[in-house]
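# Tertiary structure, described
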Amino acid sequence: MTTPIPAASQGGDPARQRPYPPPAGGPARQLRPTDVKRLNRDWRRRTEGRLALLLDSVGQPFNLGSIVRTAAAFGADSLWLCGNTPDIAHPSVGKVALGTERFLDVTREPSPALAAKAAAAAGYRVVAVELASGALPLAEAPLDGDICLAIGNEDHGCSPALLAAVDAVTYIPQPSRVGSLNVAVAAGIAMAEVRRREWAP
Ligand SMILES: C[S@@+](CC[C@H](N)C(=O)[O-])C[C@H]1O[C@@H](n2cnc3c(N)ncnc32)[C@H](O)[C@@H]1O
């Protein structure tokens with residue numbers, strides 16, 4: 001049995017801590033693989049919007065592998081690899097992606113601007129995820145319908161040509177002194193927000 005952490009030691013104002021009911025059916029336990037499959041199937045039925053990613057020179061293979069696994073988990077269907085983004089078959093990509101690349105339709109397009117046009121022609125609204133002038137905070141970004149998220153390089157971000165080719169730009173607010181997020185984390189947060197919008201009651 002776990003001992004609840006006293007509100008005072010959680011930091012924050014105890015008056016703002018909402019009481020939650022205890023989990024139904026006793027303490028939580030990890031789901032078995034068959035239960036996870038059933039749970040995923042339920043969420044798949046509630047998910048209609050298409051999700052794609054465009055990577056503009058995401059250079060580190062382990063970042064690509066992480067993005068691929070998260071994209072596959074959120075039911076993304078297409079992935080455009082642009083600039084110097086490594087090949088999906090790179091061994092270090094596979095070590096992190098763990099075979100999830102098989103769920104994605106991967107296209108190599110050297111020009112991120114042309115990839116954005118291809119995504120738009122395929123029916124996606126292309127939204128760059130970048131700390132850029134004129135960008136909307138993630139919670140206010142136009143993320144309904146079929147969305148292709150464009151993600152930039154670890155050092156220099158999205159190229160100007162890409163930013164000029166997209167339908168909208170969004171940023172993830174950082175209430176801190178941290179300059180930016182790891183690219184795979186930023187991509188994951190944006191993908192989760194796209195799905196959250198669709199699932200919101
Ligand atoms: C490490 S950042 C790029 C460097 C960043 N432009 C800088 O100068 O610090 C790599 C990529 O992660 C994404 N990213 C990281 N933090 C972000 C944030 N807070 N909002 C939106 N995108 C972010 C963007 O796609 C960006 O191109």
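Residues numbered from 1 in each chain as written. Predicted model: local features only at pLDDT ≥ 70, side-chain atom pairs only at ≥ 80, totals over all residues.

On to the overall build of the protein chain. The helix and strand tally for the protein chain stands at 6 helices and 7 strands. With the C-alpha coordinates aligned to their principal axes, the bounding extent of the protein chain is approximately 55 × 40 × 35 Å. The 201 residues of the protein chain split such that 31% are buried. Pairs at least 24 residues apart make up 80% of the contacts formed inside the protein chain by residues separated by at least 6 positions. (Helix = DSSP H or I, 4+ residues; strand = E, 2+ residues; numbered from the N terminus. Buried ≥ 20, exposed ≤ 12 C-beta atoms within 10 Å, placed from the backbone. Contact = placed C-beta atoms within 7 Å.)

Residues L53, L54, L149, A150 and A187 are the most contacted members of the largest nonpolar core, which totals 45 residues. Among the elements that make up this core, the one with the highest residue count is helix α6 (residues 183–199) (7 residues). When neighbours within four sequence positions are excluded, A187 is seen to be in contact with L53, I67, T70, V129, L149 and I151. (Core = buried A, V, L, I, M, F, W, Y, C linked by C-beta atoms within 7 Å.)

With that settled, consider the sheet that holds strand β7 (residues 168–171). Across the sheet, 7 strands lie side by side as β3-β2-β1-β6-β4-β7-β5; this open sheet has parallel pairing. In this open sheet, the two strands that pair with only one neighbour each are β3 (105–108) and β5 (136–137). Pairing between strand β4 (residues 125–129) and strand β6 (residues 147–151): 5 bridges, direction parallel. From the neighbouring strand, V126 faces β6, where its bridge partner is C148. This element, helix α4 (residues 112–121), spans β1 (51–56), β2 (78–82), β4 and β6 of the sheet and lies at about 170° to β1. (Pairing = 2+ DSSP bridges. Axes fitted to C-alpha atoms, helices over the stretch in contact; angles between N-to-C directions.)

Let's shift gears to unusual backbone geometry. Phi is positive for S57, close to 60°, though the residue is something other than glycine. Within the secondary structure layout, S57 lies in the loop between β1 and α2 (61–73). Its 22 C-beta neighbours within 10 Å are what place S57 among the buried residues. For L98, which is not glycine, the phi torsion reads 55° and is therefore positive. Structurally, the position occupied by L98 is in the loop between α3 (91–97) and β3. Of the residues examined, L98 has 11 C-beta atoms within 10 Å and is grouped as exposed.

Quick look at the site of the ligand now. Neighbouring the ligand are 16 residues; G152, G157, S180, L181 and A186 lie closest to it. A class-by-class count of the residues in the shell around the ligand yields 9 nonpolar, 5 polar and 2 charged. (Near = placed C-beta within 6 Å. Nonpolar A, V, L, I, M, F, W, Y, C, P; charged D, E, K, R; others polar.)

Chain-level statistics for the protein chain give a pLDDT mean of 92 and a share of 93% at 70 or above. The model gives residues 1–10 a pLDDT under 50, and that stretch makes 5 contacts with residues more than four places away or in other chains. (pLDDT = per-residue confidence, 0-100.)

One can find D87 in the loop between β2 and α3. Using a count of 11 C-beta atoms within 10 Å as the deciding quantity, one classes D87 as exposed. Placed 106 residues apart in sequence, D87 and E193 show a C-alpha to C-alpha distance of 27 Å.

Now for the pairing of β6. Across the 5 residues of β6, 5 count as buried, placing the element largely inside the fold. Of the two faces of β6, the one carrying I147, L149 and I151 and the one carrying C148 and A150 are both buried. Here β1 pairs with β6 via 5 bridges, running parallel. Bridging across to β6, L55 finds its partner in I151.

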